[in-house]
Amino acid sequence: NTNTGDSVPYLLDFVPAEASDPKTLAALLSLSPVPGAYRFRPLVRHDSLSTSLPSLLEYEFSSPLTSDDIDTFISSCEPNLHLLKNNCWSFAFKFKAWSSESRTIDER
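What counts and what doesn't
- Residues numbered from 1 in each chain as written.
- Predicted model: local features only at pLDDT ≥ 70, side-chain atom pairs only at ≥ 80, totals over all residues.
- Heavy atoms only, no water.
- Buried < 20%, exposed > 50% of the residue type's maximum accessible area, 1.4 Å probe, protein only.
- Helix = DSSP H or I, 4+ residues; strand = E, 2+ residues; numbered from the N terminus.
- Arc of directions from axis to C-beta.
- Contact = heavy atoms within 4.5 Å.
- Polar contact = N/O pair within 3.5 Å; in protein donor to acceptor, adjacent residues only side chain to side chain.
- Patch = residues over 30% accessible without salt bridge, like charges linked within 9 Å, V, L, I, M, F, W, Y side chains within 5 Å.
- Areas by Shrake-Rupley, 256 points an atom, 1.4 Å probe, with all protein chains shown as cover.
- Salt bridge = Lys/Arg side-chain N within 4 Å of Asp/Glu carboxyl O.
- Pairing = 2+ DSSP bridges.
- pLDDT = per-residue confidence, 0-100.

Draft legend 1. Fine view of helix 1 (residues 22-29). Residues of helix 1 that are buried include every one of Thr24, Ala27 and Leu28, and no others. For helix 1, the arc enclosing every buried residue in end-on projection is 95 degrees, short of the 170-degree limit, so these residues lie on one face. Among the exposed residues of helix 1, those pointing more than 90 degrees away from its buried face are Pro22, Lys23, Leu25 and Leu29. Looking at the buried positions of helix 1, the neighbouring elements they touch are strand 2 (9-16), strand 3 (34-42) and strand 5 (80-81). In this structure aspartate 21 caps helix 1, since a side-chain oxygen of it lies 2.8 Å from the backbone nitrogen of lysine 23. Of the residues trailing helix 1, leucine 31 is marked for its positive phi of about 60 degrees.

The following block contains the structure:
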């Protein structure tokens, strides 16, 4: 959950590209990697995620993020999702580390 400098928070997430495909579930349960998809979208306050996201993953940036910033980060990431090695949590922590290097974060 990131703040891009306007009053609307954004969700940056990493999920299976074909999340509803039974083959994806089978692959993940067998601890095989599957193609991942990155999502970057405004987080609507009535969105169920807005009340369930841990505060650990919410950041306010001292300067706005641009779509180029997000693209730069995503281009450095592994494109396949794996339940143990490369998942939504590890993606969030990589983002935190990357953004700490490239800009100042004021954690809530």
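Now that the structure is up, let's keep going.
Draft legend 2. Structural detail: the side chain of serine 99. Mapped onto the fold, serine 99 is located in helix 4 (residues 88-102). At 3.1 Å, the side chain of serine 99 and the backbone oxygen of lysine 96 are in polar contact.

Draft legend 3. Structural detail: a nonpolar patch on the surface. Together, Leu31, Leu83 and Leu84 line one region of the surface with nonpolar side chains, adding up to about 290 Å² of accessible area. When you line up the elements, leucine 84 lands in the loop between strand 5 and helix 4.

Draft legend 4. Structural context of the pairing of strand 2. Counting buried residues in strand 2 gives 8 out of 8 residues, a clear majority hidden from the surface. Across 7 bridges, strand 2 lies against strand 3 in antiparallel orientation. Note that in strand 3 the partner of proline 16 across the bridge is glycine 36.

Draft legend 5. Expanded view of the confidence of the model for the chain. The predicted model of the chain averages 78 in pLDDT, with 67% of residues at 70 or higher. Of all the helices and strands in the chain, strand 6 (residues 105-107) carries the lowest mean pLDDT, 46, while helix 1 carries the highest, 97. Contacts of residues 104-108 to residues separated by more than four positions or lying in other chains number 16 contacts, the stretch itself having pLDDT below 50.

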